[in-house]
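# Fold and contact review
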Amino acid sequence: MLIPTQVKSLRQYFYPCLGGILGGISVSTHFWLVFMPISLFILWKGSERKIANFLWGFFFVLISHSWLFDLHPLTWLGFSWLASLIIALSILLFCAFLGGILVYLWGLLVEIILWKEDVFKIKILPLTVKVFFLSLIWGIGELILSQTPFFWIGLGESLIPGDIYLAGLARWIGASGLCVLQILIGFWIFFSQGRWERKLHFKKIFLLGLLVIIFLHLFGGLITPIKRNYEYPVAIWQTNIPTREKLKINDEFIKEKLSIAQQYALSNKAKILVAPEGTLSNNFYLSQGIKVNTLAGGFRNSNNELRSSLLGFQIGDKSFTSFIDKNRLVPIGEKIPRFLNSFSRGLSAVGGIQPGSDSRLFDPKFTPPLAVAICYEISDGLKIRKAVNSGAKLIVTSANLDPYPAKLYNQFLSLARLRSIENKKNNLLVSNTGPSGLVQDDGKIIQLLDLKVEQNKIVFPNFSSEKTFYTKFGDKPILCLFLFFMGLNIFWKIN
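Because the structure is a prediction, the values reported are computed rather than measured.

## Here we look at the packing of helix 2 (residues 32–45) against helix 7 (residues 170–197)
Direction vectors running N to C along helix 2 and helix 7 enclose 65 degrees, while the axes themselves pass 8 Å from each other. Considering their axes alone, helix 2 and helix 7 lie roughly perpendicular with respect to each other. In this structure, helix 2 meets helix 7 at a crossing whose hand is right-handed. Of the residues in helix 7, those touching helix 2 at W32, M36, P37, L40, F41, W44 and K45 are Q182, I183, G186, F187, I189, F190, Q193 and E197. Taken together, the residues that form the contact of helix 2 with helix 7 break down as 10 nonpolar, three polar and two charged.

## Section: a nonpolar patch on the surface
Together, F206, L207, L210, L211, I214 and L218 give the surface a local cluster of nonpolar side chains, amounting to about 560 Å² of exposed area. Within the secondary structure layout, L218 lies in helix 8 (residues 203–221).

## What to know about the domain arrangement of the chain
Each assigned domain of the chain is listed with its residue range as follows: domain 1 (4–224) and domain 2 (234–465). Summarising the inter-unit geometry, the C-alpha centres of domain 1 and domain 2 are found 32 Å apart. Listed per partner, the contact involves 39 residues of domain 1 and 38 residues of domain 2. Across the domain 1 to domain 2 interface the summed buried area is about 3,200 Å²; carbon plus sulfur atoms make up 64%. At the boundary of domain 1 and domain 2, one finds one salt bridge. Across the domain 1-domain 2 interface, the total number found is 15 residue pairs in polar contact (both at pLDDT 80 or more). Top element by residues in the side of domain 1 that touches domain 2 is helix 7. It accounts for five residues. Here the residues of the side of domain 1 that touches domain 2 are counted per class, giving 25 nonpolar, 11 polar and three charged.

## Some words on the UniProt feature "transmembrane region" (unreviewed entry) in the chain
When the UniProt feature table is mapped onto this chain, "transmembrane region" (unreviewed entry) is found at residues 20–44, 51–69, 81–110, 131–152, 172–193 and 205–223. Taken end to end, residues 20–44 has its terminal C-alpha atoms 12 Å apart, with 80% of it in helix and 0% in strand. Structurally, residues 172–193 comprises 100% helix and 0% strand, and the distance from its first C-alpha atom to its last is 30 Å.

## Some details on the pairing of strand 7 (residues 370–374)
Among the five residues that make up strand 7, five are buried, leaving the element largely enclosed by the rest of the structure. By the alternation rule, side chains of strand 7 split into L370, V372 and I374 and A371 and A373, which are all buried. By the bridge criterion, two bridges tie strand 6 (residues 361–362) to strand 7 in an arrangement that is antiparallel. Residue pairing across strands places F362 opposite L370, the latter belonging to strand 7. For strand 7 and strand 8 (residues 394–399), the ladder comprises five bridges, and the chain directions are parallel. By the bridge assignment for strand 8, A371 is matched with I395. After leaving strand 7, the chain enters helix 10 (residues 381–389) and then returns to the sheet as strand 8, a path that is right-handed.

Conventions and cut-offs
Residues numbered from 1 in each chain as written. Predicted model: local features only at pLDDT ≥ 70, side-chain atom pairs only at ≥ 80, totals over all residues. Heavy atoms only, no water. Axes fitted to C-alpha atoms, helices over the stretch in contact; angles between N-to-C directions. Helix = DSSP H or I, 4+ residues; strand = E, 2+ residues; numbered from the N terminus. Parallel < 35°, antiparallel > 145°, perpendicular 65-115°, else oblique. Left-handed = near helix turned anticlockwise from the far one by under 90°. Contact = heavy atoms within 4.5 Å. Nonpolar A, V, L, I, M, F, W, Y, C, P; charged D, E, K, R; others polar. Patch = residues over 30% accessible without salt bridge, like charges linked within 9 Å, V, L, I, M, F, W, Y side chains within 5 Å. Areas by Shrake-Rupley, 256 points an atom, 1.4 Å probe, with all protein chains shown as cover. Salt bridge = Lys/Arg side-chain N within 4 Å of Asp/Glu carboxyl O. Domains from an automatic or database assignment. Buried area = accessible area lost by both parts, 1.4 Å probe. Polar contact = N/O pair within 3.5 Å; in protein donor to acceptor, adjacent residues only side chain to side chain. UniProt positions renumbered as here; feature names shortened; annotations may be inferred. Buried < 20%, exposed > 50% of the residue type's maximum accessible area, 1.4 Å probe, protein only. Pairing = 2+ DSSP bridges. Right-handed = clockwise from strand over helix to strand, strands pointing away.

So this is what it looks like as structure tokens:
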């Protein structure tokens, strides 16, 4: 029989684990609306305990990134079944551990800044300053992480499709701003519940927070009707070629499939044909010449280095005449540390790829300027914003998400939709096994192909020169707020 102290000790472990699990489940799902606020409430409730913060972060990443386990089996790359299992588990656990450490470090700051005195006895103004500062630290932390290859999705991008109206604020404050808002909402729930539990006045705080949240949803959802332009038909080709089979496929097979896709594009008077990441092999050559302007994912050599690229072919071209190289490479998958080169080429069909320029602006001349994200790059909102700010009129996202499950597809779609909202640009998605289709500039899906089916489809993207507040100013307002609240915290500490 458990004594009361043991029960209390178990709760201290159970609730942060539960909070992390609920948060992980809610990422890029409709569960967000219920699960994420509860998860962040639990995070704040245990934020003064170091182990609670670590457990929350560990389980949040473990669940939200559980698709990493689908790397297994890697037997097709020459690994044994057991080695494959160990590798997949190790990668997932390492990512979860890193997530736990990061939340643990944030918790240390919470303890230093907030928990030196009773939170429920601090005056509202200094309490507000402290909480805003801590929330901004989290948001800027995600922003910094998004500039590294060790970041896929965080709180900022996680709320689509769960709350598309709140996500509409991204055109003002971007993903980092949305992240800050979510942390603040979690604290509001924690603070309201804490005051109610202590029989303190909580109704005003609860109702004021509720009114602010309603206003934010209305403001985020206020959009003018979007007029569709049907003057620029684009053919998308979802190839549906499993990654594990690509090593067995030769150029003749791809040429036959490409010919069918071209005929479909021509019969529907498409201006361009777009194919996903990794469709064409290195040195791909079409002896009869391309029949329709084409953007196709493929590989190319540059100074004896292999690049994964989006290749541009104009009518009559036998090989590509324009390109944009992938800049953000998947760690261990596409790019491995040099000291491991002699042992492995990576955990993908084509390892040892080198990154290209970090600019995502691509002007193939036969289309208006484009902002291009190749697969993993969709998680880097800053580079997409820079490309749009430099003149891109459409976002094109080319990817290969095989062999991962629907969980990753949903997260990829969430990221793509948020990039559209941030910059008020249509996002043309073309993936090997999906998702492929068209996202409107308000984040709503216009068309989406069935997953894991080879399919050709005509879509009609809008090209736009409009720029949002976020496109123009990026994260500068968030950084200014961070410096402002940091200054206030220092001022109160001194005085």
